[in-house]
Amino acid sequence: MAKHEHEKHEHHKHEHHKHQHHGHHSHVHNHEEHDEHDHVHDKHKSHGHDHGSHGGHGHHDHGNMVADFKKKFFISLIITIPILALSPMIQDFMGVDWRFTGDMYILFALSSVVFFYGGWPFIIGGIRELKDKNPGMMMLIALAITIAYGYSTMVVFGWVGNQLFWELATLVDIMLLGHWIEMRSVMGASNALEQLVKLMPNEAHRLDDNDEVKDVPLTELKNNDRVLVKPGEKIPVDGTIMDGKSAIDESMLTGESVPVEKFEGDEVIGGSVNNEGSLTIQVEKTGEESYLSQVITMVKEAQESKSRTQDLTNRAAKWLFYLALVAGFATLFIWMLLGHSLDVAIERMVTVMVITCPHALGLAAPLVIAVSTAISAKKGLLIRNRANFEGARNLNAVVFDKTGTLTKGEFGVTNIVPSESYNEDEILSFAASLEQNSEHPIATGIVKFSEERKVKLGKVTDFESITGKGIQGKVNGKKVNVVSPGYVKNHHLSYDQQLFNEMSEEGKTVVFVLLEDELTGMIALADMVRETAKEAITSLKENGVRSIMLTGDNQKVANWVAKQLDIDEVYAEVLPDDKANQVKKIKEEKGWKVAMTGDGVNDAPALATADLGIAIGAGTDVAMETADVVLVRSNPKDVVDLMELSKKTYRKMVQNLWWATGYNIFAIPLAAGVLAPLGIVLSPAVGAVLMSLSTVIVAINAKLLKA
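By the naming in an unreviewed UniProt entry, the protein chain goes by P-type Cu(+) transporter and is assigned to Gracilibacillus salitolerans. Its UniProt record gives the protein chain the following Subcellular location (unreviewed entry) comment, quoted word for word: "Cell membrane".

What follows is the structure in structure tokens.
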């Protein structure tokens, strides 16, 4: 394979593994406030297998819980049918009489199952919220079902009044349905760390003292062991090359678009890919100390430190909870003061408290979420963290990683500069004919360009790759070389140095084409800018959102790309470990809400740190697992759609919450008996009709959400 020696990329070989993350491993996380169903992290022993997604909705985070809620919902729903049929109030409503001896005890038994089986998550959740002194949705549901169950049980065993078991059962059903819908459209536990671990090979070819190869598990490697890495394999550990040379693709880890040429004595990173040569590596860092492990730790910390936004429904539920308590007790006291008997007053109080928990509230957000998730999927947006997606409507800035996000991450020809006696197509034909035999990204770029230009290629013989000099061979019998700037300098061939320098400044890689040792011209290549990136940045500007570019590449390359895209702010030469800090800095200094868009492992900590992490779908699994949203079509323009959808989703949610809770404004005073002097008391049956109506309106309104 061709060895183009890109001198201008030499200074890029940042030795980022030298940065020791002081204190990363001694970090003790405070997990007290992870809602419900949280598991105890066993002090982060195993990388990646102890991680629940600590963002977004804390109380529902694992795949098996989705199944659990689904099962609870269907079982409770089936039991609800006989409960409704046995309820005297429902029978009155339907004008039938199906009473029989002992029917109330059957009703009590069935309702107990629904209460303890179906209602259990809400009771546990309510207790949890009570402990945190932060009442919300769970507390409100728990209050309503406990009162309905307790009161109805008393009625069955002799208290005077009407039991509300049907109210209890339908409430549990709808809340379970809401939770199930919501959890299904919210991502399961985060697998980011497992994805990172997958990047590491699990075996290494260890060389013993007699240079015999033995395959051993990674865990057995010790410092100073020697390991053989064959072409195309992943490098198992951080280390130093003892023997061999190769181009190593570190783009997954560092974001550097060009494979880095490495020779004896150079350092290599575990998880990067060895392209062509065989290498013998001396192990420097194993396990915990390796670069990849440190990235894992950073992702873990950034994810865990994400605050859980308390969503709207919870806030609404909190107020309704207080309202239910106040209205309930006020009703009790007023009816008692007006001289009514205790059982009448208690029935009024119970009705008020149960009615305050609107069924529609349980569906208001989940239905909008389900619709918006469906719309986003059609648009190629994969939403993995709802809370952060919903915050996207307030973004002030979007930080883009350059390589692979704003650019395609592949070389394309930008200029061909022929000498006097040749034209562009001739030079392209010489170069592309020869480069057909090479696997190098530069070769691919030149060949692809020649295909687009429909240039005829010659027949190649005697092809060889000369280390440090490029490639040579015969094209139609004539000797052709494609070489690096270093070769041209050493052979004192004259060329347009000013133009060469200008192109290099822009971060272009320049190769020279020689015919029979005579210079015929230069070909410049660069990482190609995505057209869609240009459109995305223009749209963001129109919406008053700043675009910022963040890259490990050098300043000049960054400026050249930024100029093409019309980006305002550029942070270049940012070390991979530093990307997350840079995002943090932008957030803190300007007080902005910041989204980060990236595609590599090196972007993962930054994605987790940003208010909204967006992964470009063609990127790595890890970036996708850490992100809140994945752009499946790898189109930066989707960032704009995403913000739009976030705004519309939020608007619909607010409308739905008004519909869901608005009925309370009428129902509570009526249930409390405000119009009792006029002989109008809201019977629970009418309350039920009003409630069903608000649920239907909420469902229809959610369906009206349009992309």
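The structure having been displayed, the exposition proceeds.
The three strands are arranged 6-5-8 in an open sheet whose pairing can be described as antiparallel. Each edge of the open sheet is held by one strand with a lone partner, namely strand 6 (260–262) and strand 8 (273–274).

Counting across every chain of the model gives 18 aromatic pairs. Connected via pairs of aromatic rings, a cluster forms that spans Tyr 105, Phe 108, Phe 115, Phe 116, Tyr 149, Phe 157 and Phe 165. Geometry around Tyr 117 places Lys 72 over its ring, the cationic atom sitting 4.5 Å from the centre. Lying over the aromatic face of Tyr 650, Arg 393 brings its terminal NZ or CZ to 3.2 Å of the ring centre.

For the rest of this paragraph, the subject is the nonpolar core. Core analysis: the largest hydrophobic core is formed by 107 residues, its most contacted members being Leu 361 and Leu 642. The dominant element in this core, judged by the number of residues it contributes, is helix 5 (residues 137–156), at 14 residues. Each of domain 1 (61–188) and domain 3 (373–406 + 530–644) contributes no fewer than three residues to this core. Beyond its immediate sequence surroundings of up to four residues, Leu 361 is in contact with Met 137, Leu 140, Thr 313, Ala 316, Ala 317, Leu 320, Leu 657, Ala 660 and Thr 661. Counting residues in hydrophobic clusters, the runner-up holds 24 residues, among them Tyr 422, Ile 446, Val 513 and Leu 525.

All right, on to the packing of helix 4 (residues 120–131) against helix 5 then. Two elements in contact, helix 4 and helix 5, have axes separated by 7 Å at closest approach and are oriented at 120°. In this view, helix 4 runs oblique relative to helix 5, as classed from their interaxial angle. Relative to helix 5, helix 4 is oriented so that their crossing is left-handed. When helix 4 is examined against helix 5, the residues Pro 121, Phe 122, Ile 123, Gly 125, Gly 126, Glu 129 and Leu 130 are found in contact with a partner set consisting of Met 137, Met 138, Met 139, Ile 141, Ala 142 and Ile 145. Along the lines of polarity and charge, the residues of the contact of helix 4 with helix 5 split into ten nonpolar, two polar and one charged.

Now for the sheet that holds strand 15 (residues 478–483). Ordered in space as 12-17-16-15-14-13, the six strands form an open sheet in which the pairing is antiparallel. Whereas interior strands pair on both sides, the edge strands pair on one side only; in this sheet they are strand 12 (407–418) and strand 13 (460–466). Geometrically, the sheet is characterised by an average inter-axis angle of 20° between neighbouring strands, direction not taken into account. Pairing of strand 15 with strand 16 (residues 509–515) involves four bridges; the strand directions are antiparallel. Considered in strand 16, the bridge of Val 480 is made with Leu 515. With respect to the sheet, helix 16 (residues 441–452) is in contact with strand 12, strand 16 and strand 17 (518–529), its orientation differing from that of strand 12 by roughly 65°.

What follows concerns the environment of Arg 453. Residue placement: Arg 453 occurs in the loop between helix 16 and strand 13. Expressed as a C-alpha distance, the spacing of Arg 453 and Asp 425, which sit 28 residues apart in the sequence, is 8.2 Å. Not counting residues within four places of it along the chain, the set of residues in contact with Arg 453 comprises Glu 424, Asp 425 and Leu 428.

Opposite charge on two side chains makes pairing possible when the charged atoms of those side chains draw close. This structure, assessed with the given rule, holds 19 salt bridges. In this structure, the salt-bridge partner of Asp 103 is Arg 99, at a minimum N-O distance of 2.7 Å. Notably, a salt bridge pairs Lys 402 with Asp 553, separated by 3.0 Å at the nearest N-O pair. With Lys 402 in helix 14 (residues 402–406) and Asp 553 in the loop between strand 18 (546–550) and helix 20 (555–565), the pair connects residues that are 151 residues apart, well separated along the chain. Judged by relative accessible area, which is 1%, Lys 402 ranks as buried. Its relative accessible area of 4% is what places Asp 553 among the buried residues. Linked by salt bridges that have partners in common, Lys 541, Arg 546, Asp 566, Asp 568, Glu 569 and Lys 590 make up one network.

Within the UniProt annotation, "transmembrane region" (unreviewed entry) is assigned to residues 73–90, 105–127, 139–158, 164–181, 319–338, 350–377, 657–680 and 686–705. Along residues 73–90 one finds 94% helix and 0% strand; the C-alpha atoms at either end are 21 Å apart. A helix fraction of 94% and a strand fraction of 0% characterise residues 164–181, whose end C-alpha atoms lie 26 Å from each other.

Taken together, the side chains of Phe 93, Met 94, Trp 98 and Val 689 make up a nonpolar region of the molecular surface, amounting to roughly 440 Å² of accessible area. Inspection of the secondary structure puts Phe 93 in helix 2 (residues 88–94). For Phe 93, a relative accessible area of 57% gives the class exposed.

Across its 20 residues, helix 5 extends 28 Å between first and last C-alpha, which sits within 8% of the 28 Å expected from 1.5 Å per residue. With 17 of 20 residues buried, helix 5 is to be regarded as a mostly interior element. Backbone geometry just after helix 5 places Gly 158 at a positive phi near 115°.

Glancing now at the side chain of Gln 91. As for its placement among the helices and strands, Gln 91 is situated in helix 2. Owing to a relative accessible area of 3%, Gln 91 belongs among the buried residues under this scheme. A polar atom in the side chain of Gln 91 sits 2.8 Å from the backbone oxygen of Ala 85.

All right, on to the pairing of strand 11 (residues 397–401) then. In terms of residue burial, strand 11 counts as a mostly covered element, since five of its five residues are buried. Of the two faces of strand 11, the one lined by Ala 397, Val 399 and Asp 401 and the one lined by Val 398 and Phe 400 are each fully buried. By the bridge criterion, four bridges tie strand 11 to strand 20 (residues 594–598) in an arrangement that is parallel. Paired with Ala 397 across the two strands is Val 594, which belongs to strand 20.

Located in the positive-phi region is Glu 516, a residue other than glycine, with phi close to 50°. Relative to the elements of secondary structure, Glu 516 occurs in the loop between strand 16 and strand 17. In this structure, Asp 566 takes a positive phi of about 65° despite not being glycine. Tracing the sequence through the fold places Asp 566 in the loop between helix 20 and strand 19 (569–571).

Rules used throughout
- Residues numbered from 1 in each chain as written.
- Predicted model: local features only at pLDDT ≥ 70, side-chain atom pairs only at ≥ 80, totals over all residues.
- Heavy atoms only, no water.
- UniProt positions renumbered as here; feature names shortened; annotations may be inferred.
- Pairing = 2+ DSSP bridges.
- Helix = DSSP H or I, 4+ residues; strand = E, 2+ residues; numbered from the N terminus.
- Phe/Tyr/Trp six-rings, centres within 6.5 Å; stacked < 30°, edge-to-face > 60°.
- Lys NZ or Arg CZ within 6 Å of the ring centre and 35° of its normal.
- Core = buried A, V, L, I, M, F, W, Y, C linked by side-chain atoms within 4.5 Å.
- Buried < 20%, exposed > 50% of the residue type's maximum accessible area, 1.4 Å probe, protein only.
- Domains from an automatic or database assignment.
- Contact = heavy atoms within 4.5 Å.
- Axes fitted to C-alpha atoms, helices over the stretch in contact; angles between N-to-C directions.
- Parallel < 35°, antiparallel > 145°, perpendicular 65-115°, else oblique.
- Left-handed = near helix turned anticlockwise from the far one by under 90°.
- Nonpolar A, V, L, I, M, F, W, Y, C, P; charged D, E, K, R; others polar.
- Salt bridge = Lys/Arg side-chain N within 4 Å of Asp/Glu carboxyl O.
- Patch = residues over 30% accessible without salt bridge, like charges linked within 9 Å, V, L, I, M, F, W, Y side chains within 5 Å.
- Areas by Shrake-Rupley, 256 points an atom, 1.4 Å probe, with all protein chains shown as cover.
- Expected span 1.5 Å × (residues − 1).
- Polar contact = N/O pair within 3.5 Å; in protein donor to acceptor, adjacent residues only side chain to side chain.

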